[in-house]
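Fold and contact review
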Amino acid sequence: MFSYRCMRLIIPRPSVSRPPCSCCFQPCLIPLGCCGCCSALRPRYKRLVDNIFPVNSEDGLVKSNMEKLTFYSLSSPDKLDRIGEYLYQKASKDINRKRYKFVEIAMEAMDNLLQACHAQTTLNLFVESFLRMVQKLLEDSNPNLQILATNSFVKFANINEDTPSYHRRYDFFISKFSSMCHGNNDNIELRDSIRLAGIKGVQGVIRKTVSDDLVENIWEKQHMEKIVPSLLFNMQFGVNVMFVKKNMLASGDLTPVEDATVVTPPVLAEEVLRELVGRASFGHIRSVLKPLLTHLDRHELWVPNTFAIHTFRIVMISIQPQYSYTVVETLMQHLDNNFKSSPKTRTSLAVVLSKIIAIAAGESVGPSALDIINNLLTHLRTSVSTTTEITPEESQYQEALINALGEFANHHPDYQKIEIMLFIMNTVPDLSKKSKGDQMLQNILLKSLLKVGTQYSTTSFEKAFPASFLQPLLKMARAPHDPTRIIVMQIFQSLLDRHQNEKVLSTVSIKPYAALSQETPSRSDIIFTHKYGANIMQALIDSMALSEKLDSLTSSYNTAALLIVEMACGETVQEFLLFILGIQQVATTSDDLSNIHKCCLHIIAIALLTLTARVTGINNLLEYAQKIIEDRKQEATYLLPPLLDSKKSNKSYNLNLPHLAIDKMALAECLQNAGMDFNRLQTGVPYALNQIDNPGHRHSWVESVSNHMTHRNSSADLTAYNADADSISSSPGVSKKALAPEYTVDAMKRYLAEPPESVKREQQEKQKQIVRAFRESDFEDLMKRTEPKHDVIQNRLNDLFNSLSIDNKTPQNAANQNEKPIYETNFPELFYY
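Parameters and conventions
Throughout, a residue's number is its position along its own chain's written sequence, starting from 1. Whole-chain, interface and lining totals are the exception, using all residues; otherwise, since this is a predicted model, local features are given only for residues with pLDDT of at least 70 and side-chain atom pairs are given and counted only at 80 or more. Remark: hydrogens and water are excluded; side-chain values derive from all non-hydrogen atoms of the structure. Strands are runs of DSSP state E lasting at least 2 residues, helices are runs of H or I lasting at least 4, and numbering of each runs from the N terminus. Buried means the residue's accessible area, taken with a 1.4 Å probe over protein chains only, is under 20% of the maximum for its type, while exposed means over 50%, and partly exposed covers the values in between. Any two residues having at least one pair of non-hydrogen atoms within 4.5 Å are treated as being in contact. Shrake-Rupley sampling with a 1.4 Å probe provides the accessible areas, and residues are treated as covered by the protein chains on show and by no other component. Ring pairs shown here join Phe, Tyr and Trp side chains whose ring centres sit within 6.5 Å, with only the six-membered ring taken for Trp; geometry is labelled stacked below 30 degrees between planes, edge-to-face above 60, and tilted in between. Note on method: axes are straight lines fitted to C-alpha atoms, helices fitted across the in-contact stretch only, with angles between N-to-C directions ranging 0 to 180 degrees. Any angle from 65 to 115 degrees is called roughly perpendicular, while one under 35 is roughly parallel, one over 145 is roughly antiparallel, and all others are oblique. Helix crossings are classified by the rotation of the near helix relative to the far one: an anticlockwise turn of less than a right angle makes the crossing left-handed, while a clockwise turn makes it right-handed. When residues are grouped by polarity, Ala, Val, Leu, Ile, Met, Phe, Trp, Tyr, Cys and Pro land in nonpolar, Asp, Glu, Lys and Arg in charged, and all others, Gly among them, in polar. In these notes, a set of buried Ala, Val, Leu, Ile, Met, Phe, Trp, Tyr and Cys residues joined through side-chain atoms within 4.5 Å is what counts as a nonpolar core. Salt bridges are counted wherever a side-chain nitrogen of Lys or Arg sits within 4 Å of a carboxyl oxygen of Asp or Glu. In this analysis, a patch consists of residues with relative accessible area above 30% that form no salt bridge, clustered at 9 Å for like charges and at 5 Å for the nonpolar side chains Val, Leu, Ile, Met, Phe, Trp and Tyr. The quantity known as pLDDT measures the predictor's confidence residue by residue, on a range of 0 to 100. The span you would expect from a helix comes to 1.5 Å times its residue count less one. Bend is the name given here to the angle between axes fitted to two runs of seven residues, the run ending at a residue and the run starting at it. Whenever a nitrogen or oxygen atom comes within 3.5 Å of another N or O atom, the pair is scored as a polar contact, on the condition that within protein one atom can donate a hydrogen and the other can accept it, and that pairs from neighbouring residues in sequence are kept only if both atoms are in side chains.

It is worth spelling out the overall build of the protein chain at this point. Scanning the protein chain for helices and strands turns up 37 helices and zero strands. Here the protein chain holds 833 residues, and the buried ones make up 47% of them. The contacts in the protein chain between residues at least 6 apart in sequence include a share of 70% that link residues at least 24 apart. Of the accessible surface of the protein chain, which amounts to about 43500 Å², a share of 53% is contributed by carbon and sulfur atoms.

Quick look at the structure:
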């Protein structure tokens, strides 16, 4: 039977408010504030938690009791959430009382439980208490507690959870860790510790959220705008330190041992940025790049661009290779947005682009490669069109874009370089536009073409100079603007120079070139010379005749000399001799050239003749050239190298010296004495000025249809029909023109009486009909035109088969006659084996 006194201990009066017990945090049953029997009535998990705390906080965690608590947690995982909540309450109480040692003990206990019980299915309930405790420590102003909480969070982030979490949010941790990355404590050591903790916390959040699609989306704009600038803020101090250390290492002030790897905020921030970019997918990479570009803009880190280059290299190396094109595209868009910025800023952006674009080149194939080239060319055109006068800063910007284009093309295979050069050539303005802006744009685009050409490794001239590329290039070689022609000649030189002879042949000389490298041209190169050599050499003659400036003449000579060194041999020497005679003929017959200009052409002709003789090894030709040189030394030294400068020479020169000129018949005799073919040289006509084509030199039907036809810059025109008489008969719907319909006197008279002009017009009209038939007719129409021919062949075959069947029906006795076999009659011994 219970007494009233005992009932007071168990059931308190409702009207009396009891204070919480100091040991169990429950409403106390005794007025004194602590129930004497509460310790025995408390749950076991609370007693185990209380036992891990020592009497003296300096003694640290009680290890033996911690093992008991861990064992209890593993055996009763349903109590984990209660244990975590109880530890959080005790830690909060100690934080309020500033008993930081006990807080550290509680945090250590939570870390141990987290590591031991991470495989439990109920870990999510414990994690909530854990994260609340970490947040509680981070909210405190004590930096040591912030560092402690960050380290615990990093340990938690490295745990791979099997069960997904649907309700966790890490926005507080992202904001807090990002703010810690900007710590500015007066104590440098403490400041670095806080920044390191913040960077580690950001890294932990990244690892915890990227791998789990159900939690906070870290790629959202509000999160990336906190994380990326925080990392860059720490990295930008490390770049300067890195360069200082490099200089100290180079000077010997710092030994490699002193430069040992120590984890610093810049180093760790760079590592975290690499990890963040490496984990980004195609849809998320722009979320990282936009705050990166914004940070560089706001803090004016483009000029100088050391940090920007360093950062973007980290991005390009860390990103997944298939996404590298996105970085280049984003940077180009940023360059578009900064078209009104200062030239220095745009130049720095273009330099950064040139430094990273090579990394993206390996993954850019087909349209993406041409898209990048088109964007770069668009920036070049915009730069030229928006400025009335090119300033040095604007010129640096254009050079940076050209270098970016060259770097991009350098990492592509040769066949794509040819496509890039074709693409650039098609964007060059027409020569008919002679405004200053168009000329500037021509030069800029040709410089970019030259940059790509210098990266191309020529193996076959047929591949390096496709018809669709060679035709407009030769047209540009006749441009009236000197800088344009010089750039075109440099393009030719870069593609022709397979043995690095360009610098050796940069001066006009009749002396032997010391370091000249030479190789016998291949069969394909010889065919190319026969096919297109005339066009190239006629363009060179026109280029030499347009200007008497030394740089223009020297560049044309360099191109012609490279052409001779690379292609001259016994089969092509006659073409080059006709080319040399053509240069001399221009100097002799042209009335528009000054005397100094004519002298320079005579000098170039004798220099090329000497070079041709040495390259081909024809001693007779070399002796003849030496004879002319000796005669000129005695009578006209102004017809020998070096070239004359019109600005420095005002003398009048006597050019009426035919005995000092190169003689065509003498050259043919030299070839004849050397046992070589000389018919082409003897009967051919030297290349003339402004001669667009040389019909007598055609050896192939793969040429343009006619000079009178409408010219189009496409490979279809270059490979059009060439009025070859033998190929007409094979063309569908077009019959070969006979000499006369019948061999009678009247027919011959009518044929001879036809005016030649009408014949030419008829031939041209048939040429156009043939070309139109192949260009415009459908495939079915062409098939129908060829059907009659097939019927004739089929009828002939039927006749043959019928005759054979009749022979097989002859009497048997005819085969037994003593006659020679039919194959011996029809096929003598000479024609069978």
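For the structure on display, the rule yields 18 aromatic pairs. Each ring, one from Phe282 and one from Tyr323, has its centre 5.7 Å from the other, and the planes form 55°; the classification is tilted. One end of the pair, Phe282, is in the loop between α12 (265–279) and α13 (285–298); the other, Tyr323, is in the loop between α14 (306–318) and α15 (324–337), with 41 residues separating them in the sequence. Judged by its relative accessible area of 16%, Tyr323 falls in the buried class.

The next point concerns the packing of α12 against α14. Direction vectors running N to C along α12 and α14 enclose 45°, while the axes themselves pass 8 Å from each other. Considered as vectors, α12 and α14 are oriented oblique to each other. Like other packed secondary-structure pairs, α12 and α14 cross with a definite hand, here right-handed. Contact residues: Glu270, Leu273, Arg274, Val277 and Gly278 in α12; His310, Thr311, Ile314, Val315, Ile317 and Ser318 in α14. Here the contact of α12 with α14 is built from residues that sort into five nonpolar, four polar and two charged.

Let us look at the nonpolar core. Counting 221 residues, the largest nonpolar core has Leu87, Phe312, Phe465, Phe579, Leu608, Leu609 and Ile662 as its most contacted members. With 14 residues, the top contributor of residues to this core is helix α27 (residues 595–616). Apart from the residues within four sequence positions on either side, Phe579 is in contact with Met537, Leu540, Ile541, Met544, Ala560, Leu608 and Tyr687.

Let us now look at the pattern of salt bridges. Using the criterion set out here, one finds 24 salt bridges in the structure. As a salt-bridge pair, Arg286 and Glu329 come within 2.8 Å of each other at their nearest N and O atoms. A residue pair is termed long-range when its members are at least 10 positions apart, and Arg286 in helix α13 and Glu329 in helix α15 qualify at 43 residues. Residues Glu630 and Lys633 are paired through a salt bridge, measuring 4.0 Å at the closest nitrogen-oxygen approach. Linking Glu630 with Lys633, this pair stays in helix α28 (residues 619–635), spanning three residues, or about one helical turn. Looking at Glu630, the relative accessible area reads 39%, which means it is partly exposed. Using a relative accessible area of 46% as the deciding quantity, one classes Lys633 as partly exposed.

Once that is clear, we can look at a nonpolar patch on the surface. Where nonpolar side chains cluster on the molecular surface, the patch consists of Leu797, Leu800, Phe801 and Leu804 and spans about 370 Å² of accessible area. Note that Leu797 resides in helix α35 (residues 779–808).

Now for the confidence of the model for the protein chain. Scored by pLDDT, the protein chain has a mean of 78; 75% of the residues are at 70 or more. Low pLDDT, under 50, characterises residues 243–260; the predicted model gives this stretch eleven contacts beyond four residues in sequence or across chains.

The residue Leu405 is located in helix α18 (residues 392–410) in this model. Taking the C-alpha atoms as reference, Leu405 lies 9.1 Å from Ala358; in sequence the two are 47 residues apart. Ignoring sequence-local partners within four residues, the contact set of Leu405 consists of Ile373, Leu376, Leu377, Ile424, Ser448 and Val452.

Quick look at the packing of helix α22 (residues 467–477) against helix α24 (residues 523–546) now. Contact pair α22 / α24: the axes reach a minimum separation of 9 Å and the direction vectors enclose 20°. The pairing of α22 with α24 is recorded here as roughly parallel in orientation. The way α22 lies across α24 gives a crossing that is left-handed. Where α22 abuts α24, its residues Ala467, Leu470, Leu474 and Ala477 lie against Phe528, Tyr532, Asn535, Ile536, Ala539 and Ser543. The residue inventory of the contact of α22 with α24, partitioned by class, reads eight nonpolar, two polar and no charged.

With that out of the way, let us pick up the environment of Asp78. If you trace the backbone, Asp78 turns up in the loop between α4 (63–75) and α5 (80–96). Between the alpha carbons of Asp78 and Leu125 there is a distance of 9.1 Å; along the sequence they are 47 residues apart.

Another point: α24. Its 24 residues place the ends of α24 34 Å apart at the C-alpha level, agreeing with the 34 Å of an ideal helix rising 1.5 Å per residue. The largest bend in α24 amounts to roughly 60° and is located at Tyr532. Counting buried positions along α24 gives 19 out of 24 residues, so the element sits mostly inside the fold.

Negative phi characterises most residues that are not glycine, and trans characterises most peptide bonds. Here the amide bond leading from Val303 into Pro304 is cis, since omega sits at -5°, within 30 degrees of zero. Relative to the assigned elements, Pro304 resides in the loop between α13 and α14. Here the amide bond leading from Pro641 into Pro642 is cis, since omega sits at 5°, within 30 degrees of zero. Tracing the backbone through its elements, the reader meets Pro642 in the loop between α28 and α29 (664–673). For Lys98, which is not glycine, the phi torsion reads 60° and is therefore positive. Structurally, Lys98 is set in the loop between α5 and α6 (100–116). Given the relative accessible area of 57%, Lys98 is considered exposed. Here Gln500, not a glycine, exhibits a phi torsion of approximately 55°, which is positive. In this fold, Gln500 is placed in the loop between α23 (482–496) and α24. Residue classification places Gln500 among the exposed positions, given a relative accessible area of 62%.

What follows covers the side chain of Ser73. Mapped onto the secondary structure, Ser73 falls in helix α4. When its relative accessible area of 0% is taken as the criterion, Ser73 is described as buried. Looking at Ser73, its side chain comes within polar contact range of the main-chain oxygen of Leu69, at 2.8 Å.

Moving on to helix α10 (residues 188–210). In a regular helix each residue adds 1.5 Å, so 23 residues correspond to 33 Å; α10 covers 33 Å between its end C-alpha atoms and thus fits that length. Where α10 starts, the residue carrying a side-chain oxygen 3.2 Å from the main-chain nitrogen of Glu189 turns out to be Asn187.

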